[in-house]
Amino acid sequence: MAYNSDTFQSLISHAKEYGYIFQSSEIYDGLAAVYDYGQNGAQLKKNIRDAWWKSMTQLNDNIVGIDASIFMHPTTWKASGHVDSFSDPMIDNKDSKKRYRVDHLIEAFAENLSAEEGAALIHQMEQLLAADDLKGIKQLIDDNKIKCSVSGTANWTDVRQFNLMFSTELGSVADEASTIYLRPETAQGIFVNFLNVQKTGRMKIPFGIAQTGKAFRNEIVARQFIFRMREFEQMEMQYFIRPGSQKEWYDFWKAERLRWHKDVMGFPVGRLQFHDHVKLAHYADAAVDVEFHFPFGWKELEGIHSRTDYDLSRHQEFSKKKLQYFDTEINQNYVPYVIETSVGLDRLVLATLSNAYAEEKWQKEDGSEDSRVVLKIPANLAPTKLAVLPLTKKDGLPEIARDIVNNCKGSFQCFYEEKDSIGKRYRRMDAIGTPFAVTVDHQTKEDGTVTIRYRDSMQQERIAMQEVKAKIMDAILA
Ligand code: ATP
């Protein structure tokens, strides 16, 4: 289906109506760029997190998982470079007082130019950002007469850097309080535990440490629903390697992560692409984004970074503790190099919903029109796998349906419902994204068969009641 801002608004409303995503503290009118996951959203998010965790820690015998704290020693963030340089260049419009990230402002302007002019402007911007040339960026905005969408004027302040970390105080007594930060990425919790894990797990290079958890960024321009949040969840893996082998492992993880998005997340090839970084972060010698085609365009889903030995060396320098590895194969001590894969869990949820959401219309046999809104979430990720529906509330059908639920519910998420017509119940399951529904009817009492209905094709077939569980298990493990 074609995507536009109307579809995106419908998707946002749908996500709320069917218990996926709510605005945080909605009864108090919400909090900007903070969201809560409802019953279906939380389960979808957990299924995606579990799929990632399994791919990393279960399917690779040299990758282990940890769970580090959100709070870390404040020196961590000096060593990592976040205190000095975790910032975005911003500009304010003096009339509307609206603040913009300059890259967003210029990108939005470029969208209204011809493809050639737009690309040239973006290229110029990327060169200037790469050189940290804030004056040059301001000049570019002035030269192109870029205006604020609220005031319609080009009355701009200078471009300034704005640090994205949230800070707070540790301890209850003001004197003793020291400033600490809410982690802006989970990666540093992995780096500071490098030796703990390597020694206790007797890990041999190459090996990886994976982690999922919350991260916080004071994003100035928070927009596009759960795409850019102030509190979000990351799933990161740091792969520790021998210096000199970074190119080989960088290429390996690029290919592997793209494969994962296709095979495990079920994203079509046409909605995924690589985007090489022009401006490399201070720690990287190569970096690429895996981009997804969201309803509002191509945007970053995951970053793959060749981080060199920057992080471990910096922590070594600031902590004055050796963070090295003795490689018995080459009889050498060294600070390992790192390839990082870093994906946003919330962005994966949004990509999944965007890919799954469809408004369908068709003509019935009698010539009348029918329609439905359906979430075609892959069976392995869908929050509820199976709906069990007795045709009526009488004649012992609910009891049989309950037996099916009881037989399946230890293995996967089931839903029982007896209210409303079967047609209405199917539509509700379509809207929630439940891939399978079985209906128990009078024939079930005679021959032990039920009707199974497939969400995507809406096809129905009769199968033995005993086969239901195995059939769903096969589909969700496939
Ligand atoms: P962007 O350019 O979109 O701000 P980034 O390059 O700063 O992202 P990274 O620091 O590489 O992002 O973080 C790794 C991943 O974490 C991103 O690919 C994204 O999926 C996720 N992520 C980063 N910031 C946010 C956010 N504010 N809200 C939701 N997810 C985020």
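Numbering of residues starts from 1 in each chain and follows the order in which that chain's sequence is written. Owing to the predicted nature of the model, reporting of local features is limited to residues with pLDDT of at least 70; listing and counting of side-chain atom pairs is limited to 80 or more, with chain, interface and lining totals taken over all residues. Note that water and hydrogens are dropped before the side-chain values are worked out from all heavy atoms of the structure.

Another point: the pairing of strand S12 (residues 286-294). Counting buried positions along S12 yields eight of nine residues, so the element is predominantly enclosed. When DSSP finds two or more bridges between two strands, those strands count as paired. Runs of H or I in DSSP of at least four residues are treated as helices and runs of E of at least two as strands, each being numbered from the N terminus. Both strand S11 (residues 272-276) and S12 contribute to a ladder of five bridges, which runs antiparallel. Its bridge partner being in S12, Gln273 is matched across the sheet by Glu291. With antiparallel pairing between neighbouring strands as the criterion, S12 and strand S13 (residues 297-308) make up a hairpin whose turn holds two residues. Relative accessibility thresholds used throughout: buried, under 20% of the residue-type maximum; exposed, over 50%; partly exposed, between the two (1.4 Å probe, protein chains only).

Let's shift gears to the domain arrangement of the protein chain. A domain assignment, automatic or from a database, supplies the domain bounds used here. Looking at the protein chain, the domain boundaries give domain 1 (5-81 + 170-353), domain 2 (87-163) and domain 3 (384-477). Here domain 1 and domain 2 have C-alpha centroids that lie 28 Å from each other. Facing the 10 residues of domain 1 at the interface are 13 residues of domain 2. Both sides together, the interface formed by domain 1 and domain 2 hides about 900 Å², and carbon and sulfur atoms give 56% of it. We define a salt bridge as a contact between a side-chain nitrogen of Lys or Arg and a carboxyl oxygen of Asp or Glu at a distance within 4 Å. Linking domain 1 with domain 2 are zero salt bridges, by the criterion used here. As used in this structure description, the phrase polar contact means that two N or O atoms lie within 3.5 Å; if the pair is within protein, one of them must be able to donate a hydrogen and the other to accept it, and residues adjacent in sequence are counted only when both atoms belong to side chains. For the pair domain 1 and domain 2, the interface holds zero residue pairs in polar contact (both at pLDDT 80 or more). By definition, residues are in contact when any of their heavy atoms lie within 4.5 Å. Accessible area that two parts lose when put together, evaluated with a 1.4 Å probe and summed over both, is termed the buried area.

So, about the site of the ligand. Close to the ligand lie 16 residues, the nearest being Glu219, Arg228, Met229, Glu300 and Leu301. Within the side chain of Glu219, an N or O atom sits 2.8 Å from a nitrogen atom of the ligand. Here a nitrogen atom of the ligand sits 2.8 Å away from a polar atom, N or O, in the main chain of Met229. Accessible areas in this description were obtained via Shrake-Rupley with a 1.4 Å probe; residue shielding takes into account the shown protein chains only. Expressed as a share of its isolated accessible area of 590 Å², the protein-covered part of the ligand is 85%. Contributing elements (two or more residues each) for the shell around the ligand: strand S10 (231-241), S13 and strand S16 (337-344). Among the elements that make up the shell around the ligand, the one with the highest residue count is S13 (five residues). Note on residue classes: Ala, Val, Leu, Ile, Met, Phe, Trp, Tyr, Cys and Pro are nonpolar, Asp, Glu, Lys and Arg are charged, and everything else, Gly too, is polar. Among the residues making up the shell around the ligand, the classes are represented as four nonpolar, five polar and seven charged. By convention in this text, a residue qualifies as near a molecule or strand provided that one of its non-hydrogen atoms is within 4 Å of it.

Attention now goes to the sheet that holds strand S4 (residues 87-92). One open sheet holds the three strands; their spatial order is S5-S4-S6, and the pairing between them is antiparallel. Pairing within the sheet leaves two strands with one partner each, and these edge strands are strand S5 (99-101) and strand S6 (160-163). Averaged over all adjacent pairs, the angle separating strand axes in this sheet is 50°, with direction ignored. Of the strand pairs in this sheet, S4 and S6 are connected by four bridges, and their pairing is antiparallel. Within S6, the position partnered with Ser87 by the bridge is Asn163. Under this scheme, a helix contributes an axis fitted over its contacting stretch, all axes are lines through C-alpha atoms, and angles between N-to-C directions fall in the 0 to 180 degree range.

As a packed pair, helix H2 (residues 39-58) and helix H10 (residues 246-263) sit with axes 12 Å apart at the nearest point and diverge in direction by 140°. Of the two elements, H2 crosses H10, and the hand of that crossing is right-handed. Contact residues: Ala51, Trp52, Ser55 and Met56 in H2; Trp253, Arg257 and Trp260 in H10. In terms of residue class, the contact of H2 with H10 is made up of five nonpolar, one polar and one charged. Here a crossing is called left-handed whenever its near helix is offset anticlockwise from the far helix by less than a right angle, and right-handed whenever the offset is clockwise.

Below, the discussion takes up the sheet that holds strand S3 (residues 63-65). Spatially, the seven strands line up as an open sheet ordered S3-S9-S10-S16-S13-S12-S11, and their pairing is mixed. Edge strands, defined here as strands with exactly one partner in the open sheet, are S3 and S11. Between one strand axis and the next, the sheet turns by 25° as a mean value, whatever way the strands run. Pairing of S10 with S16, which is carried by eight bridges, proceeds in the antiparallel orientation. Its bridge partner lying in S16, Phe240 is registered against Val338. The strands that H2 touches are S3, strand S9 (207-216), S10 and S16; relative to S9, the one it contacts most, it runs at about 160°.

Further remarks concern the nonpolar core. Here, nonpolar core refers to any group of buried Ala, Val, Leu, Ile, Met, Phe, Trp, Tyr and Cys residues whose side-chain atoms link them within 4.5 Å. Tyr20, Ile21, Ile48, Leu348, Leu350, Leu353 and Ile377 are the most contacted members of the largest nonpolar core, which has 62 residues in total. With seven residues, the single largest contributor to this core is helix H12 (residues 345-356). Inspection of this core shows a minimum of three residues originating in each of domain 1 (5-81 + 170-353) and domain 3 (384-477). Among all residues touching Leu353, those that are not within four sequence positions of it are Leu11, Ala15, Tyr20, Ile21, Leu44, Leu375 and Ile377.

Most peptide bonds are trans, and most residues other than glycine sit at a negative phi. The omega torsion of the bond from Ile205 to Pro206 falls at 5°, within 30 degrees of zero and hence cis. Examined against the element boundaries, Pro206 turns out to sit in the loop between helix H9 (194-200) and S9. Backbone geometry at Asp395 places phi at a positive 60°, although glycine is not the residue there. Of note, Asp395 is situated in the loop between strand S19 (386-390) and helix H13 (397-408). Asp395 gets classed as partly exposed once you look at its relative accessible area, which sits at 41%.

Tracing the backbone shows Glu302 in strand S13. In this structure the side chain of Glu302 is engaged in a polar contact, spanning 2.8 Å, whose partner is the side chain of His261.

When the terminal C-alpha atoms of helix H1 (residues 5-17) are compared, their 18 Å separation across 13 residues agrees well with the 18 Å that a helix rising 1.5 Å per residue should span. Along H1, the positions that sit buried rather than exposed are Thr7, Phe8, Leu11, His14 and Ala15. On an axial view of H1, the arc spanned by its buried residues comes to 120°, and they lie on one face. Residues of H1 that are exposed and angled more than 90 degrees away from the buried face: Ser5, Asp6 and Glu17. Buried-residue contacts for H1 involve strand S1 (21-23), H12, strand S17 (357-363), strand S18 (369-375) and helix H14 (422-432). Following H1 by one or two positions, Gly19 adopts a phi angle in the positive range, close to 70°. By definition here, a helix of n residues has an expected span of 1.5 Å times n minus one. The directions considered for the arc are those from the helix axis to the C-beta atoms.

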